[in-house]
Structure formats: structure tokens, C-alpha cells
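If you want the building blocks of each chain, they are given just below.
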Amino acid sequence: MQHEIQPERSNAEGSAGLTEAALGGGLERVRATAPLVHNITNFVVMNTTANALLAIGASPAMVHAVEEVEAFVHHAAAVVINIGTLSEPWAEAMRRAADAATAAGVPWVLDPVAAGVTPFRSAIASDLVARRPTVIRGNASEILALAGGMGGGKGVDSTHGSTVALDVAQRFAAETGSTVAITGEVDYVTDGGTVASIANGHAMMTMVTGLGCTASALVGAFLGAGLAPTAATTAALTTLGVAGEIAAAQSLGPGSLQLNLLDQLYRLDRTILTRYGHVK
Amino acid sequence: MQHEIQPERSNAEGSAGLTEAALGGGLERVRATAPLVHNITNFVVMNTTANALLAIGASPAMVHAVEEVEAFVHHAAAVVINIGTLSEPWAEAMRRAADAATAAGVPWVLDPVAAGVTPFRSAIASDLVARRPTVIRGNASEILALAGGMGGGKGVDSTHGSTVALDVAQRFAAETGSTVAITGEVDYVTDGGTVASIANGHAMMTMVTGLGCTASALVGAFLGAGLAPTAATTAALTTLGVAGEIAAAQSLGPGSLQLNLLDQLYRLDRTILTRYGHVK
Amino acid sequence: MQHEIQPERSNAEGSAGLTEAALGGGLERVRATAPLVHNITNFVVMNTTANALLAIGASPAMVHAVEEVEAFVHHAAAVVINIGTLSEPWAEAMRRAADAATAAGVPWVLDPVAAGVTPFRSAIASDLVARRPTVIRGNASEILALAGGMGGGKGVDSTHGSTVALDVAQRFAAETGSTVAITGEVDYVTDGGTVASIANGHAMMTMVTGLGCTASALVGAFLGAGLAPTAATTAALTTLGVAGEIAAAQSLGPGSLQLNLLDQLYRLDRTILTRYGHVK
């Protein structure tokens, strides 16, 4: 199911993959436009998410009050909704922000953290999926749980490998109209048709909390800079993976990795992305 | 009151102290089992607590909604309840999680941050104590305030030395059935009978916010790995103290200490713990 | 409008500026008194704010529940109210804390994050301004928005330069009775009459989230140590600017800057402040 994207056929606007030039160009566009990324995210990662967005050149805002969330969406270039530390008042803000973003044509990302683990969480995640996110990014378990809830799965659980998850993700993308990304040792991005894979990152990244959340936020930055959904997602995941593997090589452990990653996101450029990015 | 634990009589399952072998064995058990530690904790430390749990090899989750907190407890190997940035909706989640943990036989830790400072905070802390935490960890002021509220104190205030605090802690442990830890320059762990003391750590650790909260979370990790309450508590405090003093020796200030501590938690092994741990 | 403060006429208690001796003396007073700074602040910066206060020698607390916020104010040497991640329950706690602080004679700082961006946020910020903060610290856009809402502006927007912002700030300070600080490439502090300017800091500091919030918290530390409003504000902004520029010189990017800044706040002393502080 995994197609190798032909570089000569790829471009930053219309493909599930990216030429190397488009990849570097996307990063430069983020830095040139400094898109305002409106995050409704979890308490664990608010600081590190904001710092990652700043390091890459975007402009983060964290706004969740039901009284202002819709008004704020209109200032945003992209919205990122992450259900990590969920509660009902926040869920209401998420629904309002999603609807306001859709109505205003602002692209938005859903990060369905721990979907499938409790009924409360699964119900809210499915309700947000029904609002048609531009991009959904999760790990294999989360995407399988969501797709199952949508009728697209068959009780597939996390003991299944990534090939099964990818099949489900493709059907799920086709059903929902969202670009779907499954991140893991290899990341996959699909719009239901084409599939891009990104083989970057480092095992130590799983010992820093919230790097999946950072990935979703970076997707928001590339969407906010004007890239099309699959291109934005592929560029964001490659950017994080390359910065992470360079940072890991410099780190004694996950504490230094967390800061070195921010430094590398800041220092990354077209040359580094082209040299280290493994996008197919 | 402070007993020196005889190494030949200690073991990881049944003693207030730990042999050096048990200490290293506990850490290895955390890494082998990657226990899911369910935290209901404060906004200040959520990120650093999650990272400390990951660095030691545990699997953190931060879940507090009343709609899902009981369901989530059933996935957890241990629960950690920390009242740092308290509010009534969170207090309700804490009560439900404590009751669900007790009912399901999941061990749980109470960190009564700033108990005694306001009546609101003291009342909620006492209410949680009455639900019989497996372990209560606080500084001397917090434990004295709680024990006083339980009838075990006599207006003892923080001008009293740690010997007085230890006496109170022993009576408090005996009354409540909880293992009680008082952390400070020297840490004490008691089940009402035996007392272990840990003389590790570094003064600069008091200039990094939330390391007491980290200590409580690590107790959750060792409980979740199957160690008995006093063994788990002693192992967790020794692990943090040893990692902290190695990290402090490498740090120009509290900023570098925060990250070096995570690196050292990650790098710690049986040999390092045995060489640097000062447990009696 | 910007007066150069004559060093021989300045002192830490009564001037908009500070002699170099007063600047160093203020820092030493913070360390000697370890003032308890009560913060009601946003989720993004709670950890980094607490760490900055600890690094400078103050004692931070984050307390926001309506049930205890007034009781807690009575333990505090200063209160810092920051509306970053605002919601109505928190706004109510902010109003109560502000009133309790005013009633008890405890100095308090308002950080009107993103005032002017949504009506909800502007209304709460103006309501807090009407409660007469001791110090208001914001960027030019925030101060202009607030002053406009108070009748002191004329539709001035962020395209206007800092000279216009400073004029508005002076009138705003005179109208409200608050000391007003506008931070940016150069920081300005005014009580409506005199103006101090601080030319410290580094451009990379804008890529670390929440350093404006840190600035407001440090103002609280210097107020809590007993300095007069303009002196406390000037000392705090100089302290942060000097520590930040030393830290930036040591940093590969914003990740290392965040930690080096904490180390430098911890290591700063009278000699370093005197050598690097650019206060006029």
C-alpha cells in the first residue's frame, strides 16, 4: 500500500509526499510568514509546544475559554486541537473552535491523545472527527481506535503491525476526507490515495513527553504557512524527525534531548533537511 | 526513633529499608515492567513529572476529568494524587480516583502540597488522608500540618526540627496505616514501626520547582512495579537523591540541574545506586 | 519624554530609575528576604515562572482556587496576576486576589497578556486595571489596547513606534496611578512622571515562550522584597535583560537559552549587574 512518491511528480501543494526542494521551501515559508497557530492543547505540553512553534518560526497562542475561542480562531492561520488532558469545559471549547475554523476556512489539526482508552475520551474524539479536521495525527493505537469507532476498523488492536494500521488509516482518510498521519518508528501520511513515509527520528524521542503533540503543532505551522494538508503534514513530521535525530546524537539523555531538539528546530535549514530527510 | 536497617534483614518486599541489591533490583523492575502511573497533579510540574517518569522507565498519564478518572484508574499500575494547584473540580476527581484505586487494589500516593496553609487545602488533604493512601509524601511542614489535623500533632510548627517531625510521622503512619515519607535534607520513610533514612540529594535541588512532586511520582513508579510501600518509597527517594547529586555536580545552576537530573535518571543503574546511595 | 535618571538623585525607594548600587542592592534584598510571590498565571509558563523566581532567590506559589485565593494572599509578599490562558473561573479568582491584595496592602502586578485581541480578554483586563495594580507590565500592543480602553488612547495601533507607546504609557500611568512598563527591544518604566529605560536583553529571547511573563513575576519578587514600584520594576527588567543577554551568548538556540537563563539568574550578582546593566 505504501507508494514511493516520485520526486519529479511531487510538489508542496498537491502530493502526499514532497520533493526535497518543497520540504526546504515549506520551512522557509513558515519562517517568512510566522503563522499564528492557535492551540487548544493539554497542560503537559503547553510550554514545550509553544517553544517548538517559536523555534521553527511560527507564532503560538494557547486560548481555550469558550467565551473567546471562536473570536480567536479568526486571528489564526491554523488551529490545533489536542485532547490530552481533557475535561468537559475544554471539549466544548474544542467543538466551538473546530466549527469556527471550518466555517472560516482555517485549517485545523486533531491530535486524539489516548482515544480508545476511556469511553469519555473516545466519544469526544469521534465527535471532533465528525467535524472534519484537515489533518488527524496520532499513534497507531489512537488511529485504530478512532477508525474502529467510525466503522472503518474490525476490532484491530495494538498488537497488529503498522501495515494493518496503514490500511486502516487509508480507509479512514478516504471516509473522513481528512489527511491522516500515523507516527511511530516510521511515520505514514495518507489522504486515502497516496501514502508518504518518513523514516527519521530516534528512539530516545519516546522518552521525552509530548513529542507527538509537538508533531501535531508543527503540522499546524506548515498548514498555517499555506501548504496543502499532505504536504504540510509530511514536511512537519520530517522537520521534527530530522531535528530529533540530530539532537539525540548530541544528548546524554532525554533531558538534554528536550532542549537540543528546540535548538535544532531553530537551526534547521534547507540543506540539513535535504541531507537528512528520509521521505518516500 | 531512627532505626538503622540491617541490610541482611532487608528485602524489597517487606522492609522499611532496602538492601543495596534490592535498591538496584527495584529500578530494574521499573524498567522491565514500565508501569503506567496515573497522575492527578498540578499544572506547574506536569511536564517535568511526566519526563521524570519516562526517564526512569515508567509510563506516565495525566488524567483528571471526573467523567473518566475512575475508568482510567483501572488501566494504571499506581495512582499519584498531588494537590499543588487545587480547585474543587480537581478535588472531586482526586476523591473519585482515590476511591477507585482503593477498591481496585491499585496502590496510590498522596502528595499534600502546602497542606496547612489554607483551610480549603487542609480540608481536602485530610479528606484524602482519610481514604487511606498507600504512601503519603510531604515536607516536614506538610506532614506536621496533616498529622495535627488528624489529632496526632500538638501545634508543632515548622520551627521544630526533623526529629520532632519524625516522631509525629511515625505516630501518623501508625494511625493511618499509610507509609509516610518526610523529605528534606535527609529523607525519612516510616510505616509506623521501622524508619529508613536517605542522605542523598543536593541543596541546589530546592531551587528547581517541583522536585518534591517528582519524588512522589517516582514512588508511584516503584509501587507500580510491584515493590511494597516502604521499599518503593525508599527506592524512589534514593533514586532521585542519587540522580540529583550527580546532576548537581555537573550543573552551573538550577536550569542545567533540571535537565541533567532527567539525563541522570535515565542513565542510573544498579552500580551507580549502590555506590552513591546512602540508605540506613 | 524619556528622562535620563541622574544616578546621584536616584535611590531604590523613590525614583523611576536606579543607581547601580540600588540595582545590586535590590537583588541582594530579594535573596535575603526570599519573598513569597503568589502567582495566578497561565498554564504555559507556570513551570518556567516558578523556576525563574527560585533562581533569583524568591519563593513562588501558584494558587488560583476561588475558595482559597484570598486566604493565600495574606501569606504573600506580592501577587502577580497574568491573564495568558484565561477563563471565567480564573478571572473571578484574579478579581478576588486583586481586591484582597489591595485591601491588605500587598503590592500586585498585572500582566495583561493579549489584551485587545478578543473582547472577553480586554474586558477582564480593564476590570483588573480598574482595581489599581501596583505595576502593569505588557508589550506595546497590550499597553496601547488597555490605555485605549481606558480612554487614554486614540486608536493607536501596533504600527506606531515605541515613542507613541511611551507617550500613551505615561498618560496611562498618570490616570491609573499604576507604574507602567512597556517591554520590547528597549524597556520603559514610568510612573507618569519620570521614565527609566533599560537597554538589555537579546533578540533570541523572543523565541523562548513566556519571558514577558517571567519579567512580570520578577517585578513581583522585587516588590515583595520591599522596593518601591518603579525601582522594583526597573530592577526586575534589568536583571532579566542582563541574565538573558549573558545566557544568549552561551546558547546554540532557544532551547539552551531557556536553561542558561535560569542558570544566569541564579549566578547574577551586584558586579555583573553593574557591569552589564544599561539603565537610563
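Residues numbered from 1 in each chain as written. Chains lettered and ligands numbered in written order. Predicted model: local features only at pLDDT ≥ 70, side-chain atom pairs only at ≥ 80, totals over all residues. Heavy atoms only, no water.

## A word on the nonpolar core
Consideration 1: By size, the foremost hydrophobic cluster in this structure holds 141 residues, and its most contacted members are I81 of chain A, I81 of chain B together with I81 of chain C.
Consideration 2: Not counting chain neighbours up to four residues away, the residues in contact with I81 of chain B comprise I40, M94, A97, A98, W108, V109, L110, D111 and L128 of chain B. (Core = buried A, V, L, I, M, F, W, Y, C linked by side-chain atoms within 4.5 Å. Buried < 20%, exposed > 50% of the residue type's maximum accessible area, 1.4 Å probe, protein only. Contact = heavy atoms within 4.5 Å.)

## Considering the relation of the copies chain C and chain B
Consideration 1: Mapping chain C onto chain B calls for a screw motion: a turn of 120° about the axis and a shift of 0.0 Å along it, with 0.0 Å RMSD after fitting. Taken together, the rotation and translation relating the two chain copies correspond to the operation of a three-fold axis. Looking at the rotation axis and the C-alpha trace of chain C, the residue lying nearest is F43 of chain C, at 3.7 Å.
Consideration 2: Here only 9% of the contact residues of chain C are again contact residues in chain B; the copies associate through non-equivalent surfaces. (Least-squares fit on C-alpha atoms with pLDDT ≥ 70 in both.)

## So, the pattern of salt bridges
Consideration 1: Within the structure shown, the criterion is met by 28 salt bridges over all chains.
Consideration 2: Its salt-bridge partner being R96 of chain B, residue E92 of chain B comes within 2.9 Å of it at the nearest N-O pair. Of the two residues, E92 of chain B and R96 of chain B are both situated in helix α4 (residues 88–104); the distance of four residues between them amounts to about one turn of the helix.
Consideration 3: Looking at E92 of chain B, the relative accessible area reads 26%, which means it is partly exposed.
Consideration 4: Overall, R96 of chain B belongs to the partly exposed group, its relative accessible area being 29%.
Consideration 5: A cluster of three or more residues bridged by salt bridges with shared partners is formed by E70, E88, E92, R95, R96, D99, D127 and R131 of chain A. (Salt bridge = Lys/Arg side-chain N within 4 Å of Asp/Glu carboxyl O. Helix = DSSP H or I, 4+ residues; strand = E, 2+ residues; numbered from the N terminus.)

## Regarding the packing of helix α4 (residues 88–104) of chain A against helix α5 (residues 119–129) of chain A
All names here are of chain A.
Consideration 1: Put simply, α4 and α5 touch, their axes get as near as 10 Å, and they point 10° apart. When the interaxial angle is binned, α4 and α5 end up roughly parallel. Residue-level inspection shows E88, A91, M94, R95 and A98 of α4 in contact with α5, the latter providing F120, I124, D127 and L128.
Consideration 2: Considering only residue class, the contact of α4 with α5 consists of six nonpolar, no polar and three charged. (Axes fitted to C-alpha atoms, helices over the stretch in contact; angles between N-to-C directions. Parallel < 35°, antiparallel > 145°, perpendicular 65-115°, else oblique. Nonpolar A, V, L, I, M, F, W, Y, C, P; charged D, E, K, R; others polar.)

## A short note on helix α2 (residues 46–56) of chain C
Residue and element names in this part refer to chain C.
Consideration 1: Across the 11 residues of α2, 11 count as buried, placing the element largely inside the fold.
Consideration 2: Along α2, the residues that are buried comprise M46, N47, T48, T49, A50, N51, A52, L53, L54, A55 and I56.
Consideration 3: One or two positions beyond α2, positive phi appears at G57, with a value near 105°.

## Some points on the confidence of the model for chain A
All names here are of chain A.
Consideration 1: Counting all residues, the mean pLDDT for chain A is 90, and 88% of those residues have values of 70 or more.
Consideration 2: Contacts for the low-pLDDT stretch residues 1–17, under 50 throughout, to residues beyond four places or in other chains number 46 contacts.
Consideration 3: Under a pLDDT of 50 for its full length, residues 151–159 has, in the predicted model, 12 contacts with residues more than four places off or in other chains.
Consideration 4: This complex was scored by the predictor with a pTM of 0.92 and an ipTM of 0.90. (pLDDT = per-residue confidence, 0-100.)

## Quick notes on the interface of chain C and chain B
Consideration 1: Each partner contributes to the interface: chain C provides 22 residues, whereas chain B provides 25 residues.
Consideration 2: Across the chain C/chain B interface, buried area totals approximately 2,000 Å², and carbon plus sulfur atoms make up 64% of it.
Consideration 3: Contact with chain B buries area across many residues of chain C, yet N47, E68 and Y266 of chain C alone supply 25% of it, more than any other trio.
Consideration 4: The shortest N-O distance in the salt bridge between E68 of chain C and R121 of chain B comes to 2.5 Å.
Consideration 5: Between chain C and chain B we count 11 residue pairs in polar contact (both at pLDDT 80 or more) in total. (Buried area = accessible area lost by both parts, 1.4 Å probe. Polar contact = N/O pair within 3.5 Å; in protein donor to acceptor, adjacent residues only side chain to side chain.)

## Observations regarding the relation of the copies chain B and chain A
Consideration 1: Least-squares fitting of chain B to chain A yields an RMSD of 0.0 Å, with the transformation described by 0.0 Å of translation along the axis and a rotation of 120°.
Consideration 2: When you check the interface residues of chain B against chain A, a mere 9% turn up at the interface there too, and the two sides of the contact use different surfaces.

## Here we look at the packing of aromatic side chains
Consideration 1: For the coordinates displayed, the defined rule picks out nine aromatic pairs over all chains.
Consideration 2: Ring geometry for F43 of chain A and W90 of chain B: centres 6.1 Å apart, planes at 50°, overall tilted. Linking F43 of chain A in the loop between β1 (36–40) and α2 (46–56) with W90 of chain B in helix α4, this pair reaches from one chain into another.
Consideration 3: Overall, the relative accessible area of 6% leaves F43 of chain A in the buried class.
Consideration 4: The buried category is assigned to W90 of chain B, whose relative accessible area is 9%.
Consideration 5: What links up through ring pairs into an aromatic cluster is the set F43 and W90 of chain A, F43 and W90 of chain B together with F43 and W90 of chain C. (Phe/Tyr/Trp six-rings, centres within 6.5 Å; stacked < 30°, edge-to-face > 60°.)

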